[in-house]
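Each chain is listed here by its residues.
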Amino acid sequence: MAQGARGVILTGVVALAISFASFFWTAWPLAAQQANGAMSAVAQGRDAVAAGDFAQGESLLTRVIDDERSGPAFMAEAFYYRGLARRRLGENAGALSDFSNALWLDSLPAMSRARLLGERGHIHAAMGKQGLAPEDFAAAL
């Protein structure tokens, strides 16, 4: 009887292991595909902003931000570039929010973070928040 119970348990463990293996076998390519999609969308948005098509860049980057499957690094970069687009479109409040979200995610490279802080300092100054602008400028340095 003990050997029969052991066989049932062993069969259950093997079945569970096969289930997990098949899940990861199918889930990992899906995760990689989602990451590639986010990376591509961020790149398209970044390129649109660099080309001066700020409305198009804002639209593309908003899709990445609204997609809950985007990882923190992609989200931070999307917030950063959408903030740049919004600043150029004169949407200072939206740009300020985007820059703050990008900082909160804490996934940007040091140079992008420094540029973001400088941009946010300019927005604070333009919005009459003179006390906050020097803090951002100092942090950017």
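In this report, the structure presented in the accompanying data block is examined. Bear in mind that the values here come from a model prediction, so they are computed numbers and not experimental data.

We now examine the pattern of salt bridges. Scanning all chains against the criterion turns up 11 salt bridges. One salt bridge connects arginine 86 with glutamate 58, and the closest N-O pair in it is separated by 2.9 Å. You can see arginine 86 sitting in helix α3 (residues 72–88) and its partner glutamate 58 sitting in helix α2 (residues 54–66), a full 28 residues away along the chain. Neither arginine 86 nor glutamate 58 differs from the other in exposure class; each is buried. Note that aspartate 98 and arginine 82 form a salt bridge whose closest N and O atoms lie 2.7 Å from each other. Pair noted here: aspartate 98 is in helix α4 (residues 92–105) and arginine 82 is in helix α3, with a separation of 16 residues, a long-range link. Accessibility expressed as a relative area gives 8% for arginine 82, which makes it buried. Within the structure, one salt-bridge network assembled from shared partners comprises Glu58, Arg82, Arg86, Glu91 and Asp98.

What follows concerns the packing of α3 against helix α5 (residues 110–126). Contact geometry for α3 and α5: axes closest at 11 Å, N-to-C directions at 30 degrees. The angle between α3 and α5 falls in the class roughly parallel. Pair α3 / α5 crosses with left-handed handedness. Between α3 and α5, the residues in contact are Tyr80, Leu84, Arg87 and Arg88 and Ser112, Arg115, Leu116, Glu119, His122 and Ile123, respectively. Looking at the contact of α3 with α5, its residues break down into 4 nonpolar, 2 polar and 4 charged.

A few words on the environment of arginine 82. Along the sequence, arginine 82 and phenylalanine 54 sit 28 residues apart, while their C-alpha atoms lie 8.3 Å from each other. Not counting residues up to four positions away in its chain, the partners in contact with arginine 82 are Glu58, Leu61, Thr62, Ile65 and Asp98.

With that out of the way, let us pick up the packing of α4 against α5. Here α4 crosses α5 at 145 degrees, and the two axes come no closer than 10 Å. Remark: the crossing between α4 and α5 carries left-handed chirality. Residues Asn92, Ala95, Leu96, Phe99, Ser100, Ala102 and Leu103 of α4 touch α5, and the partners they reach there are Arg113, Leu116, Leu117, Glu119, Arg120, Ile123, His124 and Ala126. Considered class by class, the residues forming the contact of α4 with α5 number 9 nonpolar, 3 polar and 3 charged.

Mapped onto the elements, glutamate 119 comes out in helix α5. A residue is classified by how much of its surface remains accessible, and glutamate 119, at 8% relative accessible area, is buried. Apart from the residues lying within four places of it in its own chain, the contact partners of glutamate 119 are Leu84, Arg87, Arg88 and Phe99.

In this section: the side chain of aspartate 98. What makes aspartate 98 buried here is its relative accessible area of 1%. Ignoring any residue separated from it by four or fewer positions in sequence, one finds aspartate 98 in contact with Phe79, Arg82, Gly83 and Arg86.

Cut-off values and rules
- Residues numbered from 1 in each chain as written.
- Predicted model: local features only at pLDDT ≥ 70, side-chain atom pairs only at ≥ 80, totals over all residues.
- Heavy atoms only, no water.
- Salt bridge = Lys/Arg side-chain N within 4 Å of Asp/Glu carboxyl O.
- Helix = DSSP H or I, 4+ residues; strand = E, 2+ residues; numbered from the N terminus.
- Buried < 20%, exposed > 50% of the residue type's maximum accessible area, 1.4 Å probe, protein only.
- Axes fitted to C-alpha atoms, helices over the stretch in contact; angles between N-to-C directions.
- Parallel < 35°, antiparallel > 145°, perpendicular 65-115°, else oblique.
- Left-handed = near helix turned anticlockwise from the far one by under 90°.
- Contact = heavy atoms within 4.5 Å.
- Nonpolar A, V, L, I, M, F, W, Y, C, P; charged D, E, K, R; others polar.

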